[in-house]
Amino acid sequence: MRVIGIIAEYNPFHAGHEYLIGEAKRLVGDPRAVVMTVMSGPFVQRGSLAVSPKHVRAKEALLSGVDVAIELPFTFACAPSERFASGAVELLYRTGVVTDLAFGVDCKDPSILVELADVSPDEEVIKTALSNGRSFPAARAEAMISAYSGGADPELVSDTLRQPNSILALDYIRAAKKINTGFKIHMIPRKEGLSATSVREELNKADRTSMSSIADRLNGIMPDKALSVMLSSISRKEFLIPDESSYMNDAALMVRREQDLTGYAYMSDGLDGFIRNNIGGDLQTKHFTMPRIRRAIASMMTGQRASYVEQEKHAQYIRVLGFSNEGKYCLKIMGKCARLPILSNASDALELYSSNPRLKAQFELDLLANDIYASYASMEQGYEWKLPPVKVK
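K.L.:
Teacher, can you tell me more about the overall build of the protein chain here?
P.N.:
The helix and strand tally for the protein chain stands at 19 helices and 8 strands. For the protein chain, whose C-alpha radius of gyration is 20 Å, the value lies close to the compact-globule estimate of 21 Å for 393 residues. With the C-alpha coordinates of the protein chain rotated into their principal frame, the extents come out at 55 × 55 × 50 Å. Taken over 393 residues, the protein chain has a buried fraction of 54%. Considering only contacts within the protein chain whose residues lie at least 6 apart along the sequence, 75% involve residues at least 24 apart. Per element, the accessible surface of the protein chain, about 17,400 Å² overall, is 49% carbon and sulfur. Both charge centroids of the protein chain, one from 47 positive and one from 47 negative side chains, sit 4 Å from each other.

K.L.:
Before we go on, may I ask you to explain helix H1 (residues 15-28) in this structure?
P.N.:
Helical periodicity: at 3.6 residues per turn, an α-helix aligns residues three or four positions apart in one direction. Its 14 residues place the ends of H1 20 Å apart at the C-alpha level, agreeing with the 20 Å of an ideal helix rising 1.5 Å per residue. Looking at H1, one finds that the buried residues are Gly 16, His 17, Leu 20, Ile 21, Glu 23, Ala 24 and Val 28. Residues of H1 that are buried make contact with strand S1 (3-8), strand S2 (34-40), strand S4 (100-105) and strand S5 (184-189). Gly 29 sits one or two positions beyond H1 and adopts a positive phi of about 80 degrees.

K.L.:
Sorry, what's going on with helix H2 (residues 54-62) here?
P.N.:
Across the 9 residues of H2, 8 count as buried, placing the element largely inside the fold. Within H2 the residues assigned to the buried category are Lys 54, His 55, Val 56, Arg 57, Ala 58, Glu 60, Ala 61 and Leu 62.

K.L.:
I would appreciate a short explanation of the pairing of strand S6 (residues 318-323) in the present structure.
P.N.:
Regular strands place their side chains on alternate faces of the sheet. Where burial is concerned, most of S6 is hidden: 6 out of the 6 residues are buried. With 2 bridges joining them, S6 and strand S7 (residues 342-343) adopt parallel strand pairing. Residue Arg 319 lies in a different strand from S7, and its bridge partner there is Leu 343. Handedness of the S6-helix H17 (residues 325-337)-S7 crossover: right-handed. Relative to strand S8 (residues 390-391), S6 runs parallel, the two sharing 2 bridges.

K.L.:
Got a minute to help me understand the nonpolar core in this structure?
P.N.:
Considering soluble globular proteins, one finds that nonpolar side chains tend to be buried as a cluster. Within the largest apolar cluster, 80 residues are counted, with the highest numbers of intra-cluster contacts made by Tyr 247, Ile 297 and Met 300. If we ignore the near neighbours within four places in the chain, the residues touching Ile 297 are Tyr 247, Met 248, Ala 251, Met 267, Ile 275, Ile 279 and Leu 283. In this structure, Leu 101, Ile 112, Ile 173 and Ala 315 belong to the second largest nonpolar core, which totals 51 residues.

K.L.:
Is there a simple way to explain the pattern of salt bridges in this structure?
P.N.:
A side chain with one charge can pair with a side chain of the opposite charge if their charged atoms come near. As enumerated under the stated definition, the model contains 17 salt bridges in all. Among the ionic pairs, Arg 94 bridges to Glu 90, the shortest N-O distance being 3.3 Å. Of this pair, Arg 94 and Glu 90 both sit in helix H4 (residues 81-94), separated by 4 residues, roughly a single helical turn. Residue Arg 94 is classed as partly exposed on the basis of its relative accessible area, which comes to 25%. We note a salt bridge from Asp 269 to Arg 292, for which the minimum N-O separation is 3.9 Å.

K.L.:
Looking at this structure, how should I read the side chain of Ser 166?
P.N.:
Tracing the backbone shows Ser 166 in helix H9 (residues 166-179). Here Thr 160 takes part through its backbone oxygen, which lies 2.5 Å from a polar atom of the side chain of Ser 166. Every residue in contact with Ser 166, bar those within four places of it in the chain, is listed here: Cys 107, Leu 113, Thr 160 and Leu 161.

K.L.:
It is not clear to me how the packing of helix H13 (residues 244-257) against helix H15 (residues 290-302) should be interpreted in this structure. Could you clarify?
P.N.:
Pairs of packed helices are described in terms of their axes, by the angle between the two and the distance that separates them. Running from amino to carboxyl end, H13 crosses H15 at an angle of 70 degrees, the nearest separation of the two axes being 10 Å. Between H13 and H15, the angle is such that the two are roughly perpendicular. In this structure, H13 meets H15 at a crossing whose hand is left-handed. Here H13 contributes Glu 244, Tyr 247, Met 248, Asp 250, Ala 251, Met 254 and Val 255 to the contact with H15, which in turn contributes Arg 294, Ile 297, Ala 298, Met 300 and Met 301. Class assignment for the residues of the contact of H13 with H15 results in 9 nonpolar, no polar and 3 charged.

K.L.:
What is the right way to read the state of the cysteines from this model?
P.N.:
On inspection of all chains with the given rule, the structure shows 0 disulfides. No disulfide involves Cys 330; its sulfur sits 9.1 Å from the nearest other cysteine sulfur, which is in Cys 337. Take Cys 330: its relative accessible area is 0%, and that puts it in the buried class.

K.L.:
Please explain the packing of aromatic side chains as it appears in this structure.
P.N.:
Within a pair of aromatic rings, the relevant descriptors are the distance that separates the centres and the angle that separates the planes. Inspection of the entire model under this criterion finds 8 aromatic pairs. Ring geometry for Tyr 93 versus Phe 183: centroids 6.5 Å apart, planes at 65 degrees, classification edge-to-face. Separated by 90 residues along the polypeptide, Tyr 93 in helix H4 and Phe 183 in the loop between H9 and S5 bring together distant segments of the chain. Between Tyr 247 and Tyr 376, the ring centres sit 5.5 Å apart and the planes meet at 85 degrees, which makes this aromatic pair edge-to-face. With Tyr 247 in helix H13 and Tyr 376 in helix H19 (residues 357-376), this residue pair connects regions lying 129 residues apart in the sequence. Given the relative accessible area of 1%, Tyr 247 is considered buried. On the basis of relative accessibility, which here comes to 12%, the residue Tyr 376 falls in the buried class. When the ring centre of Tyr 264 is taken as reference, the NZ or CZ atom of Arg 305 above it lies at 4.6 Å. Directly above the ring of Tyr 93 sits Arg 339, whose terminal nitrogen or CZ lies 4.5 Å from the centroid.

Conventions and cut-offs
- Residues numbered from 1 in each chain as written.
- Predicted model: local features only at pLDDT ≥ 70, side-chain atom pairs only at ≥ 80, totals over all residues.
- Heavy atoms only, no water.
- Helix = DSSP H or I, 4+ residues; strand = E, 2+ residues; numbered from the N terminus.
- Rg over C-alpha atoms; globule rule 2.2 N^0.38 Å.
- Buried < 20%, exposed > 50% of the residue type's maximum accessible area, 1.4 Å probe, protein only.
- Contact = heavy atoms within 4.5 Å.
- Areas by Shrake-Rupley, 256 points an atom, 1.4 Å probe, with all protein chains shown as cover.
- Lys, Arg positive; Asp, Glu negative; His and termini not counted.
- Charge placed at Lys NZ, Arg CZ, Asp CG, Glu CD.
- Expected span 1.5 Å × (residues − 1).
- Pairing = 2+ DSSP bridges.
- Right-handed = clockwise from strand over helix to strand, strands pointing away.
- Core = buried A, V, L, I, M, F, W, Y, C linked by side-chain atoms within 4.5 Å.
- Salt bridge = Lys/Arg side-chain N within 4 Å of Asp/Glu carboxyl O.
- Polar contact = N/O pair within 3.5 Å; in protein donor to acceptor, adjacent residues only side chain to side chain.
- Axes fitted to C-alpha atoms, helices over the stretch in contact; angles between N-to-C directions.
- Parallel < 35°, antiparallel > 145°, perpendicular 65-115°, else oblique.
- Left-handed = near helix turned anticlockwise from the far one by under 90°.
- Nonpolar A, V, L, I, M, F, W, Y, C, P; charged D, E, K, R; others polar.
- Disulfide = S-S within 2.5 Å.
- Phe/Tyr/Trp six-rings, centres within 6.5 Å; stacked < 30°, edge-to-face > 60°.
- Lys NZ or Arg CZ within 6 Å of the ring centre and 35° of its normal.

Interpretation note: all reported values are geometric properties and have no functional meaning in isolation.
This is the structure in structure tokens:
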């Protein structure tokens, strides 16, 4: 059985995601191949609240070609590229059933990414670039170009590293090699104009209290089934699109109450002082990227300490968010092959608390992240305990 692993956020699920799933199945060449996605929960990689709850996004994906959806724990989902990729790739590997890894790329020649995956960035170049005011992603790209000695055109290498998803793709390849997953990797060129950012921009232009306004904005860029799931969930008052302004206002109040921010994850290099001085106003700066700032704020809100991020490098469980009829068979096999405990319901974690303190710490962080999300999405606190896996035919 071929099982294609796809790492995603589906924030929200759009036509580009549907295209990637279809292309991955085509490239594998097995009409019975199962698609398993590991997806972000309440917070996404850039540090923001997801536009809709994880069970809604999982259902959107399951109705659009995915067979099994599992959750990437908060500590990896809301993290820099390297940690995000490492956590997600390892989680797919630990299922014991994934055979292939597919992801989208923006660059003209994906083979360059395979070459660059073996290049170690020059640390001195990174330090110099950072001291000159470059953001870490820009400094890292500059250091990789400096260390690269392959035969590809330097301009093409530089252009590749400037593409928004190239660093993430590199980290997927690196993680797969480091863990020795044995995955067959499929790099699929993205379709122009199809991105979650553009979908969210359209969503922001809509009247979020009007189903017709949302539908008008998203019709044609979200698959019909996925859009229907979002609209019906909002109309049934399962959730409201999170109020980011309220979230940031509460973050500002917390900053004013806290005496010391330095212990929270991603608050190093003077970011704690910058946030304290600017949280109520403009957070744009050349030195710190907005995703870095938002991840630091999310860590503060959830209480995630820098020491925890430093010490915990691995997912401690596989949280099943949903499955199709085809995915149900895959889960049965996974039950025999997985190298981590499988949690179908939140209560499953309770049985493991006493014997696995690392699982307890990671799961409790997830629970808190979900409750914070619920506060801004008009959802019930503790909804995670009442959330069974989504099942679709």
